[in-house]
Amino acid sequence: MNTENTVTDGLIPADILASATPVAVYGYARARAGEESRLLGEIQAVIGPTREEAGCEQYVVHTAPDEPGAFAFYERWSSGAHLLAHVSQPFMQKYFAAIADLVDTELEAHWLNPVS
């Protein structure tokens, strides 16, 4: 992944951060074997505070019954600036550090711009 002009270890492209219109992302994470409950706990700890942030329009996390330890995320932010403020929050920095050893592979993120 190209990390030039991005933050959070290349996770967020510069054009998304510069957006003055709503941005959204869907992503995927899988826990390392034996770390499923710890990853779930870390995820659950950030849901409430994230939903209270300015610019957070939607923040949901799903699991699949047939894939223990797999988590799918969907986030929608009012602008790239709101998203940047979110990932810069101390609780999110703590979250990113905590999950680094709990996920099986790199977080997968797919960035979206609204059609209308």
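In what follows, the structure referred to is the one given above.
Below: a short report on this structure.

What counts and how
- Residues numbered from 1 in each chain as written.
- Predicted model: local features only at pLDDT ≥ 70, side-chain atom pairs only at ≥ 80, totals over all residues.
- Heavy atoms only, no water.
- Pairing = 2+ DSSP bridges.
- Helix = DSSP H or I, 4+ residues; strand = E, 2+ residues; numbered from the N terminus.
- Axes fitted to C-alpha atoms, helices over the stretch in contact; angles between N-to-C directions.
- 1 Å grid on protein atoms, 1.4 Å probe; cavity = no way out; pocket = protein on both sides within 12 Å on 5 of 7 lines; lining within 4 Å.
- Points joined across faces, edges and corners; volume = space filled by probe spheres on them.

Pairing is antiparallel in the open sheet, where four strands are placed in the order β2-β3-β1-β4. Each edge of the sheet is formed by a strand with only one pairing partner; in this case those strands are β2 (56–64) and β4 (108–112). The average undirected angle you get between the axes of adjacent strands in this sheet is 15 degrees. Summarising the sheet, strand β1 (residues 23–30) and strand β3 (residues 67–77) pair through eight bridges and their orientation is antiparallel.

Now for empty space enclosed by the protein. All chains considered together, the criterion is met by one cavity of 30 Å³ or more. In this structure, the largest cavity encloses a volume near 250 Å³. Around the largest cavity sit 21 residues that line it, and Leu11, Val25, Glu75, Phe96 and Leu107 are the ones nearest its centre. At the level of secondary structure, the elements contributing two or more residues to the lining of the largest cavity comprise β1, β3, α3 (80–88), α4 (90–99) and β4.

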